[in-house]
Amino acid sequence: MGFAQQSLFNVPSISVTKKNEIFFQEQVNVTFAGTSLNFNTAYGLGKDFELGINVIGVGVDFDKNVPILLTNSSSKDQTPYSPLVMMTGLKAISIGEHYKIGFGGQVGLNPTQNNFTQNDVATFDYINNRVEIPKLNLMLCAGAYYSNLVYLGQRDQFGGMCGFELVIIEHKFLLMGDWIIGTNAVSVAVPGFVYHPHHNIALSGGWQIPSPGSGNPQGFVFELTLGNFSSK
């Protein structure tokens, strides 16, 4: 079955990068509140284990037609620190042919800060379950996360997450969607699609919908993903 990629729009899909292979994804979020970029990488170590580096929350604005980097390293306005450079790790465990459970996390800092304390460390930890239903060409995932103010823009909290991929044309076109449940800055749902122009390339597009009570903006999400999808 030709499922798409290591992450959905925002929720980890527990599809681990194969040993000695490299995964890269660039995400562009164009919302009514502005434009931001995320860059995700991973390297497969084998035995369903991967490590990587993510750069997230790279906000871009223009001053007299000159692009400028938007940064934040204060919790006073209840917004996440930005940008953040995060070390990532994921370990998946297969239970049967079509079920996996994954344990992952990210930890990092805002590199534009001058002084750091332990309160400036961003964390995002999660557990996710992945179930494939070959007869329906469907993958479902559901899990939970725990994060902090630096990453979420709010106090430490738990939340749920879920997503799906539905294969319409094998190795070519899929419907995809996910939802990070909560009322914080990352709590959005994104329904959309994935198109594979090549077995090493995935192009994804979706519409960002704010989770109820979060106050997040609507907008368009675009992803370019590079990886050996034929080996999935």
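Residues numbered from 1 in each chain as written. Predicted model: local features only at pLDDT ≥ 70, side-chain atom pairs only at ≥ 80, totals over all residues. Heavy atoms only, no water.

**Quick notes on the pairing of strand β13 (residues 219–226)**
In the sheet, strand β1 (residues 22–31) pairs with β13 via 8 bridges, with the strands oriented antiparallel. Within β13, the residue paired with Q27 across the bridge is E223. In terms of strand pairing, strand β12 (residues 201–210) meets β13 through 8 bridges, oriented antiparallel. When the bridges of β13 are listed, L203 appears paired with L224. (Pairing = 2+ DSSP bridges. Helix = DSSP H or I, 4+ residues; strand = E, 2+ residues; numbered from the N terminus.)

**Details of the packing of aromatic side chains**
Evaluation of the coordinates by the stated rule reveals 6 aromatic pairs. Summarising the aromatic geometry, the rings of F32 and W207 are spaced 6.4 Å apart at their centres and angled 70 degrees between planes, so their arrangement reads as edge-to-face. Placement of F32 in the loop between β1 and β2 (34–44) and of W207 in strand β12 is noted, with a sequence separation of 175 residues between them. Taking relative accessible area as the criterion, F32 reaches 70% and is therefore assigned exposed. For W207, a relative accessible area of 36% puts it in the partly exposed group. Ring geometry for Y146 versus F158: centroids 4.8 Å apart, planes at 45 degrees, classification tilted. Taken together, the positions of Y146 in strand β8 (residues 138–147) and F158 in strand β9 (residues 157–169) put the pair 12 residues apart, joining distant regions of the chain. Judged by its relative accessible area of 66%, F158 falls in the exposed class. Through a chain of ring-to-ring contacts, the aromatic side chains of F124, Y126, Y145 and Y151 assemble into a single cluster. (Phe/Tyr/Trp six-rings, centres within 6.5 Å; stacked < 30°, edge-to-face > 60°. Buried < 20%, exposed > 50% of the residue type's maximum accessible area, 1.4 Å probe, protein only.)

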